[in-house]
Amino acid sequence: MKKRLYYLLPLLMLMAASCGQQTKVSSPDGKTRVAFQLTESGAPQYCVQQDGKTVIDWSALGLQATEQNLTNGFTVLSCSSDKYRGQWETVWGEERMIDDRHNEMTVSMLHSSGMRMDIVFRVFDDGFAFRYVFPEQEAVELTVTDEATEYRFTADHQAWSIPWRTDYYEGLWSKAPLSAKDTMCSPVTIELLGGGYAFVHEAALEDYPAQNLYPMNGALKTYLTPWMDDNAQIMNEKAYKWLPFNSPWRMVILARSLPEMVASRIMLNLNEPCRIEDTSWIKPMKFIGIWWGMHMKSMTWEQGPIHGATTANMERYLRFAKEHNIQAVLAEGWNLGWETWENFSFTEPYDDWDMDYLSNLAQELGVEIIGHNETGGNAADYEEQLEEAYAYHQAHGIHAIKTGYVSPIIRTVDGLQLNKGQSGVRHYRKVIETAAKYHISIDNHEPVMPTGLQRTYPNLMSQEGVRGQEWNAWNVSGGNPASHVTILPFTRVMAGPVDYTPGVFAFENPLLPQTRVNATLMNQLGLFVCIYSPLQMACDLPENYMKHPDAFRFIEDVPCDWNRSLLVDGKIGEYCIFARQDRNSEDWYIGAVNADEPREVCVPLTMLDKKACYTATIYRDGDNADWQTNPYDYVIEEREVRAADKLDLHMAGGGGFAIRLKKNE
Ligand code: NOJ
Ligand code: CA
């Protein structure tokens, strides 16, 4: 990681309150407080208050394991607290500098079985987290079968979630009272009755199953993703751990407003600092690709008369990228294996793909090639080829690879498993670590839900785990509703960068006439700012971009690495307006997307430097724009603006806008 600014104030205070009863820890501003206690049976519990109100009532903590029931029978050995005030610099991100300000409380406990377990709490101004810590001790292993962790919210709030068995997390998020939910993937975004938001997730998932959540008896309970047996049946076992170990962090952002929720960096702060020493090779990039054609059915992955990844096509894309300030080109279907989706080779191209020629051309043009490794869900086979595959890509000057695991149940070294179970989590981490050795960044499709691991491994740049744009290409039941992209920034994107693939410029597909992208062209520009990814794809075909070169100008200009980011305004499921400052200039970019109802908004420019004047290039929906009837109606206009100005803008149904604010000399 680049210049890092860390300072730890190790203030080891013995708690004044008597241990074993109630102990408390507050956020640095004193407004968020977490209390811990043991019940009479020695069951650990916590509760949380913010601004003097109880947000989470006494809720259970602990684990069940084959060896021990670690949900009660505890006594407190000691409590200690710490205080941390620091700041660190991201390699890439929505923000250059991140503040980490929290207070910590460690409760060390002894179980009646003789086992030691600590719970470490961290409280930030905008939320809290805790994790289970098993120090080195006589016992050496633990087979976790359940986690008792619960979140007993004090009211039946409205929550946004997708069901836990949503394949690849590619589902539509729905809102309902917590009590009416079935099972939920983590994260869950909660609209608190009476105002404010809670975002329940986990951080630093490194060697553990992903958490899921479900409501029961008034609480939100944890369900860890299980292992599968030889017959691909769900087992009771969830995690196999050697001691000592820490569980992932269980975290909840508690924000008074949506802008505050979006600005929270708790998840990144809870992850370990960067483990990659030299990060100079990790580069945020915009890319185009031989990709949308396959989803729209005008090209194929496998070799044949309309094969996409040919030398000639790739040369055309590389030259187009060079001309239009696009740093990289992805090519899918360049390698053997697509006929059967079995036995993919990651080192052998089809014979109409000249890797040497293309890699030399790319280097000559200064454009990167993004490799593609679809595994068809055979993670075990991929692991066998990993070193050789990455050495091959590195030898051809390739510094980024898109990976894929199309199969709801993947084959890992442990047999058929759920990708978000412990075995899958281990596989994804092995991929990131191995890729780092070869200076390769990863854009992972069909991933386990991100938990901020990109702080530790910044070569884990983007991930799918979302119902992406591709659904608009082939989903004959209506694609992604216009509201979808107004929900994602407050749900999935909160968990980490998303490879949504914005930028469709042609909305009809004669080859799949039942499909439709539910957006206006301006909405597609707004997505470049609203859905964050440091590897940001402009997904449409070069020929479609050249039908609207004036609008494509925004895609040429917009960066994908930011100095600052903020939510200007928004409502989950209705609209959102984001503003982000370029990391490499003083320019700002504003993007907005809207759901079905047309809307008038007023955008204050208070984020701008008060002393400066900016040239605003505004790309907005025309008066007659509408995603269904007239997606191509847009206006591009330029004007001089200052921080005191406000922009009144119209958004069509399924519309949006994009603004470049260039600081004048
Ligand atoms: C699913 C991925 O999400 C998509 O982007 C890719 O084109 C296909 N798999 C083929 O690998
Ligand atoms: Ca996918």
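Residues numbered from 1 in each chain as written. Chains lettered and ligands numbered in written order. Predicted model: local features only at pLDDT ≥ 70, side-chain atom pairs only at ≥ 80, totals over all residues. Heavy atoms only, no water.

Let's hear about the coordination of the calcium ion (ligand 2): which residues, and what values?
Only Glu-170 (OE), Glu-446 (OE), Glu-464 (OE), Glu-464 (OE) and Glu-470 (OE) from the protein reach the calcium ion (ligand 2) as donors, at distances of 2.4 to 2.7 Å. Classification of the site at the calcium ion (ligand 2) as irregular follows from its six donor atoms and the range of 51 to 159° in their angles at the metal. Each donor residue of the calcium ion (ligand 2) lies on one chain, and together they are spaced E-x275-E-x17-E-x5-E. One end of the pair, Glu-170, is in the loop between β14 (158-161) and β15 (174-177); the other, Glu-446, is in the loop between β30 (441-444) and β31 (460-463), with 276 residues separating them in the sequence. We note that Glu-170, like Glu-446, is buried. (Donors = N, O, S within 2.8 Å, 3.2 Å for Na, K, Ca; no water. Tetrahedral: all angles 85-135°; square planar, octahedral: opposite > 155°, others 65-115°. Helix = DSSP H or I, 4+ residues; strand = E, 2+ residues; numbered from the N terminus. Buried < 20%, exposed > 50% of the residue type's maximum accessible area, 1.4 Å probe, protein only.)

Hey, could you go over the packing of helix α6 (residues 379-395) against helix α7 (residues 422-437) for me, with residue numbers and the actual values?
Interhelical geometry of α6 versus α7 gives an angle of 5° and a closest axis separation of 10 Å. Relative to α7, α6 is oriented roughly parallel. Contacts between α6 and α7 pair Ala-379, Tyr-382, Glu-383, Leu-386, Glu-387 and Tyr-390 from the former with His-427, Lys-430, Val-431, Thr-434, Ala-435 and Lys-437 from the latter. (Axes fitted to C-alpha atoms, helices over the stretch in contact; angles between N-to-C directions. Parallel < 35°, antiparallel > 145°, perpendicular 65-115°, else oblique. Contact = heavy atoms within 4.5 Å.)

Tell me what's going on with the sheet that holds strand β25 (residues 328-331), and back it up with residues and numbers.
Within the open sheet, the seven strands sit side by side as β31-β30-β27-β26-β25-β24-β32. Their pairing is parallel. One side of each edge strand has no neighbouring strand; the edge strands of this open sheet are β31 and β32 (535-537). Neighbouring strand axes in the sheet, compared pairwise and without regard to direction, differ in orientation by 30° on average. Judged from the five bridges that link them, strand β26 (residues 368-374) and strand β27 (residues 400-404) form a sheet pairing that is parallel. Note that in β27 the partner of Gly-371 across the bridge is Ile-401. The strands that helix α4 (residues 311-323) touches are β24 (285-290), β25 and β26; relative to β24, the one it contacts most, it runs at about 155°. (Pairing = 2+ DSSP bridges.)

Could you give me a rundown of helix α5 (residues 355-365), with the residues and numbers involved?
Of the residues making up α5, those classed as buried are Met-355, Leu-358, Ser-359, Leu-361, Ala-362 and Leu-365. Within α5, the buried residues cover an arc of 160° as seen down the axis, which keeps them to one side. Exposed side of α5, more than 90 degrees from the buried face: Gln-363 and Glu-364 are the residues found there. Considering only its buried residues, α5 is in contact with α4, β26 and α6. (Arc of directions from axis to C-beta.)

So, the side chain of Gln-385: which residues are in play, and what are the values?
The topology assignment puts Gln-385 in helix α6. Take Gln-385: its relative accessible area is 17%, and that puts it in the buried class. Within polar-contact distance, the side chain of Gln-385 engages the backbone oxygen of Phe-344 at 2.8 Å. In this view, Gln-385 contacts Phe-344, Ser-345 and Phe-346; residues no more than four positions away in its chain are not counted. (Polar contact = N/O pair within 3.5 Å; in protein donor to acceptor, adjacent residues only side chain to side chain.)

How would you explain the domain arrangement of the protein chain if you had to name every residue and give the values?
Examined at the domain level, the protein chain breaks down into domain 1 (5-269) and domain 2 (285-556). A separation of 33 Å is found between the C-alpha centroids of domain 1 and domain 2. For the pair domain 1 and domain 2, the summed buried surface comes to about 4200 Å²; carbon and sulfur atoms form 64% of the total. Taken together, the links from domain 1 to domain 2 amount to two salt bridges. (Domains from an automatic or database assignment. Buried area = accessible area lost by both parts, 1.4 Å probe. Salt bridge = Lys/Arg side-chain N within 4 Å of Asp/Glu carboxyl O.)

Explain the site of ligand 1 residue by residue, including any values.
Surveying the vicinity of ligand 1 reveals 14 residues, the closest of which are Trp-291, Glu-332, Glu-374, Lys-402 and His-445. Lys-402 places a polar side-chain atom, nitrogen or oxygen, 2.7 Å from an oxygen atom of ligand 1. Residues of the shell around ligand 1, tallied by class, amount to five nonpolar, three polar and six charged. (Near = heavy atom within 4 Å. Nonpolar A, V, L, I, M, F, W, Y, C, P; charged D, E, K, R; others polar.)

Outline the nonpolar core, listing residues and values.
One finds Phe-121, Phe-153 and Tyr-390 to be the most contacted residues of the largest nonpolar core, which totals 189 residues. With seven residues, helix α10 (residues 521-530) is the largest single contributor of residues to this core. Built from parts of two domains, this core gets at least three residues from each of domain 1 (5-269) and domain 2 (285-556). If we skip the residues at most four places from it in the chain, Tyr-390 touches Asn-373, Tyr-382, Ile-401, Thr-403, Val-431, Thr-434, Ala-435, Tyr-438, Ile-440 and Ile-442. Residues Tyr-575, Ile-577, Ala-592 and Leu-647 belong to the second largest nonpolar core, which totals 23 residues. (Core = buried A, V, L, I, M, F, W, Y, C linked by side-chain atoms within 4.5 Å.)

So what about the environment of Cys-79? Which residues, and what values?
With respect to the helices and strands, Cys-79 occurs in strand β8 (residues 74-89). Its relative accessible area of 2% is what places Cys-79 among the buried residues.

Any chance you could break down the packing of aromatic side chains for me, citing the residues and the numbers?
Counting across every chain of the model gives 30 aromatic pairs. Taken together, the ring pairs connect Trp-301, Trp-338, Trp-341, Phe-344, Phe-346, Tyr-382, Tyr-390 and Tyr-438 into an aromatic cluster. Sitting above the plane of the Trp-164 ring, Arg-165 keeps its charged end 5.5 Å from the centroid. Sitting over the face of the ring of Trp-88, Arg-455 holds its NZ or CZ atom 3.9 Å from the ring centroid. (Phe/Tyr/Trp six-rings, centres within 6.5 Å; stacked < 30°, edge-to-face > 60°. Lys NZ or Arg CZ within 6 Å of the ring centre and 35° of its normal.)

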